Every structure is written in structure tokens, then in C-alpha cells.
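Okay, here's what each chain looks like letter by letter:
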Amino acid sequence: MRFAALLILAMGLASSSSAQEFSWQPDLTRQQTYIPHRASSSDPTGANADSRAIAPGATLTVLDADGPGTISHIWFTIADREPYHLKRIFMRIYWDNEPTPSVETPVGDFFGLGLGEYHSWHSELLSVGSDKALNSYFPMPFARHARITITNDGEQPVGDFYYNIDYRTYDHPLPAGTLYFHAQYRQAQPNHGWTDDWKRNQDALVDKKPNLTGEGNYVWLDAKGHGQFVGVTMSVLQNQDNWWGEGDDMFLIDGADAPSIAGTGSEDYFLGAWDFGGKPFSYALYGAPVVGEELAGSRSSVYRFHLDSPIPFTKSIKATIEHGHANHRSDNFYSVAYWYQAEPHAPFPPLPPVNERLPALQPVGGPGNAGTAAAPPGGGR
């Protein structure tokens, strides 16, 4: 399925002509009738000071546009010497003058950099190019208004925040039933496992414990309303030795007590196999751009996008994954879930305070964790 189909699904388009007009990839053989726009950090005087500084605690509005329209592309790059600035700077997006944001996430996590460090990777929807170029191609329609803000939660100023945001406006309303883009950050530092008395993942104590309901799973998303889940990026800082990915994905849809969809292992959900073979990879819809050793202190990043078949819900969705089989492990998870739904959305969990967002080893016991003390924010890096 080409990516254009995602926007067709998101908007609930009924006719082929409407689909062509509003699709992410317009038909290049037909005249387009939208009006293109760009919000950018270009120097308003015409000189070459093409960035914005953001003082500690300050918020910069990078887009404030009336609709109807669709954001088609976001590009950021940041010059900031403060360690883990990708976790300290966060982004919010508001649709149609809503009081609470539909997107709220540290800027690095939104672009799959959940460990607070840069690495290059690419997919159909998000990519990080050389050097430190953050790109999003999620289609983001809005009927009346769109606003994007960037807030510096760091202790030092952001010296240069560059941005280009491409969007289109139309001379007619969006199709009825259009769904809105949402993205939500969550973390568990750590996920608390139900035991630390294990030596390896295949211990009988661990392997024989059932988990048929998803109780205690790490939650990517818990949303109310109707829409469709389209993907997740996730990063892991291991507090314990051995393979972190023995956990199964589980989706509970429309109030179900048991998973409507259940998987076979973390690397399986992210469409790799066998612990990813210990090697990083990234493809259009899935990948593991960072693959650490199976040791405490190692770091990994993974992603999957459901463009082949977005997961629909009519009342609610709870998207989860185990942290180890039946949640026996106590590693740190950081994630962003991406979905489309009708407004209004349910309130988001509060964004954790900045020092709690920085990756840090935790004293949880278990293999490889003996004697570990709580590391300073950011793991002392």
C-alpha cells in the first residue's frame, strides 16, 4: 500500500477525485489546486540569520496557520550544546484552537531518537538524515487552525533552532469524517518487573508464568473515541543483562478484556527476528536503527508503522507490549505512539519533568544490575 492510502483512510474519503486531491502524493499528471505555503525560520530582514534562539523555559511558535489545510512535511535541525537536548526540548501541536495538544512529545522522541542521541535512520514517515536533519511526512489535516510550539525545558539556551514546515490550504472544507493526527509520549524508567530472582530469560520461573490479559504491560497508547493506530517508535535502555525483547505486543480494542491482537515477541512485532541478529536496520515501515549488546547499560531503538493495515477502533484502544515475558524484566522504555482520530481526544498523561525524561540506569536487581546505584540524569553522559 502506498503512503497516500493512509491519508485516504484518515480522511474517510469516498470518491476517487477527492482522494487524488487530498492524497499525500498528488497525481503529478493532474493540475493541483491547493495553495502551497511554508512556515520557516528564515531571516525576515533577508539576511542570513535563518534560525531562532530559545531561552530556557521559553516557547517558540513555529506554525500558526488558518485552514482548511494539511501539513505535509516538517523539517527541524538544532544547534544546542546541552547534553540530551533532544529530550529537554519538546513539541506540542494543537488543531482547531483546541485547549489541549493533540501532539505532545520531546522533539527527539517524535523523530525516533528516544535515547536523546542522534543517529541516522529512514522510513516512509520519519527520517533523520545527515547531519542531524529531522523530517516528518505524516499528513496532518486541519479544518480551521494549526499551531505548533517548541519549548526549551533545558538549563541552557537553544542557540539555533531551524525549521521549515510545508503545508497546503484549500478553498473548500475538508471531507466529512476527516481524522486528525495525534502523537503521544510515554515512558517507564523503569518498567518494574514482577521479580528480580531470575538468571536468564528462559528460567522456568519466568517462562511458565501466563499473561492472557496484558496486565502490567508497558502502555504505548490508551485512547478514547474512534480512529486508527498507525505506529510506534520506541527506545530501550537495559537495566539488566540478556535479551530485552521477550515481550509480546497486545492490543485491546473497544473495551475488550483480553487482547484482540497478540504477538509472539518484541522483535517479531517490529518485523525483525532472532534478537535482530545483533545488527541495526531500517526499512520503509519497520526497523531497529540502534541494536545494543544484550547487557545492562545497552541501548536500542525500534519502530513499526501499520500503513498496510492501520488498527481501527470505534470506542477505545489500548496498545501495549510486555517488558520481558509476562513482564519479568525491569528495563527503561521510552515511546511515541502515532494515530489518527476524531476530536476531542482524551487527556494525555502529564509530560514527565525534564530530569525524569533523561535516560538513566536504575537499581532494579536481576542479572547484571547488582550494585547499580541510581545514575545521575542522562546516565552521567
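Residues numbered from 1 in each chain as written. Predicted model: local features only at pLDDT ≥ 70, side-chain atom pairs only at ≥ 80, totals over all residues. Heavy atoms only, no water.

1. Looking at the overall build of the protein chain
Thinking step 1. Regarding its fold elements, the protein chain presents seven helices and 23 strands.
Thinking step 2. Computed over C-alpha atoms, the radius of gyration of the protein chain comes to 21 Å, within 12% of the 21 Å expected from 2.2 N^0.38 for 381 residues, which places it in the range of a compact globule.
Thinking step 3. Structurally, the protein chain occupies a C-alpha span of about 65 × 45 × 35 Å along its principal axes.
Thinking step 4. The buried share of the protein chain, reckoned over its 381 residues, is 57%.
Thinking step 5. Approximately 15,600 Å² of the protein chain is accessible, and the part contributed by carbon and sulfur atoms is 51%.
Thinking step 6. Of note, the protein chain has its 26 positive side-chain charges centred 1 Å away from the centre of its 42 negative side-chain charges. (Helix = DSSP H or I, 4+ residues; strand = E, 2+ residues; numbered from the N terminus. Rg over C-alpha atoms; globule rule 2.2 N^0.38 Å. Buried < 20%, exposed > 50% of the residue type's maximum accessible area, 1.4 Å probe, protein only. Areas by Shrake-Rupley, 256 points an atom, 1.4 Å probe, with all protein chains shown as cover. Lys, Arg positive; Asp, Glu negative; His and termini not counted. Charge placed at Lys NZ, Arg CZ, Asp CG, Glu CD.)

2. Focus on the sheet that holds strand β16 (residues 249-253)
Thinking step 1. Taken in spatial order, the four strands make up an open sheet running β14-β22-β16-β17, and their pairing is antiparallel. Both outer strands of the open sheet, β14 (218-224) and β17 (261-262), are each paired with one neighbouring strand and no more.
Thinking step 2. For β16 and strand β22 (residues 316-321), the ladder comprises five bridges, and the chain directions are antiparallel. Looking at the pairing, D249 lines up with I321 of β22. (Pairing = 2+ DSSP bridges.)

3. Overview of the pattern of salt bridges
Thinking step 1. Scanning the entire structure with this criterion turns up ten salt bridges.
Thinking step 2. Its salt-bridge partner being D166, residue R38 comes within 2.7 Å of it at the nearest N-O pair. Linking R38 in strand β1 (residues 35-40) with D166 in strand β12 (residues 158-169), this pair joins segments that are 128 residues apart in sequence.
Thinking step 3. Linking K87 and D109 is a salt bridge whose minimum nitrogen-to-oxygen distance equals 3.1 Å. Remark: D109 occurs in helix α4 (residues 107-110) and K87 occurs in helix α3 (residues 85-88); sequence separation between them is 22 residues.
Thinking step 4. Judged by its relative accessible area of 0%, K87 is buried. (Salt bridge = Lys/Arg side-chain N within 4 Å of Asp/Glu carboxyl O.)

4. Describing the pairing of β22
Thinking step 1. Counted residue by residue, β22 has five buried out of six residues, so it is predominantly covered.
Thinking step 2. Bridge count for β14 against β22 is six bridges, and the pairing is antiparallel. Note on β22: the bridge partner recorded for V219 is T320.

5. Some thoughts on the confidence of the model for the protein chain
Thinking step 1. Of all residues in the protein chain, 91% have pLDDT values of 70 or greater, and the mean over the chain is 92.
Thinking step 2. This model gives residues 1-5 a pLDDT under 50, and the stretch forms 14 contacts once residues within four places in sequence are excluded. (pLDDT = per-residue confidence, 0-100. Contact = heavy atoms within 4.5 Å.)

6. Points about the environment of A176
Thinking step 1. Relative to the helices and strands, A176 is located in the loop between β12 and β13 (180-188).
Thinking step 2. Taking relative accessible area as the criterion, A176 reaches 72% and is therefore assigned exposed.
Thinking step 3. For the pair formed by A176 and G297, sequence separation is 121 residues and the distance between their alpha carbons is 49 Å.

7. Observations regarding the packing of aromatic side chains
Thinking step 1. By the definition in use, this model includes 30 aromatic pairs.
Thinking step 2. An angle of 40 degrees between the planes, with centres 4.7 Å apart, marks the rings of F138 and F181 as tilted. One end of the pair, F138, is in the loop between β9 (133-136) and β10 (140-142); the other, F181, is in strand β13, and 43 residues separate them in sequence. The residues F138 and F181 share a single accessibility class, namely buried.
Thinking step 3. Three or more aromatic residues joined by ring pairs make a cluster, and in this case those are F76, F110, F111, W121, F138, F161, Y163, F181, Y303, F305, Y338 and Y340.
Thinking step 4. Sitting over the face of the ring of Y94, R147 holds its NZ or CZ atom 4.2 Å from the ring centroid.
Thinking step 5. The ring of W194 has K209 lying over it, and the distance from NZ or CZ to the ring centre is 4.7 Å. (Phe/Tyr/Trp six-rings, centres within 6.5 Å; stacked < 30°, edge-to-face > 60°. Lys NZ or Arg CZ within 6 Å of the ring centre and 35° of its normal.)

8. Notes on the pairing of strand β23 (residues 332-341)
Thinking step 1. In terms of burial, β23 is a largely internal element, ten of the ten residues being buried.
Thinking step 2. Residues N332, Y334, V336, Y338 and Y340 line one face of β23 and the alternating positions F333, S335, A337, W339 and Q341 line the opposite face, and both faces are buried.
Thinking step 3. When β13 meets β23, the two strands line up antiparallel, connected through nine bridges. Pairing of A188 across the sheet is with F333, part of β23.
Thinking step 4. In this structure, strand β15 (residues 227-237) lies alongside β23, joined through ten bridges in antiparallel fashion. The residue bridging G231 from the neighbouring strand is Y338, located in β23.

9. What about the side chain of E98?
Thinking step 1. Tracing the sequence through the fold places E98 in the loop between β5 (89-95) and β6 (103-106).
Thinking step 2. Polar contacts involving the side chain of E98 include one to the main-chain amide nitrogen of W95, which spans 2.9 Å.
Thinking step 3. Side chain to side chain, E98 and S102 meet in a polar contact 2.7 Å long.
Thinking step 4. Here E98 is in contact with I93, E343 and H345, once residues within four sequence places are set aside. (Polar contact = N/O pair within 3.5 Å; in protein donor to acceptor, adjacent residues only side chain to side chain.)

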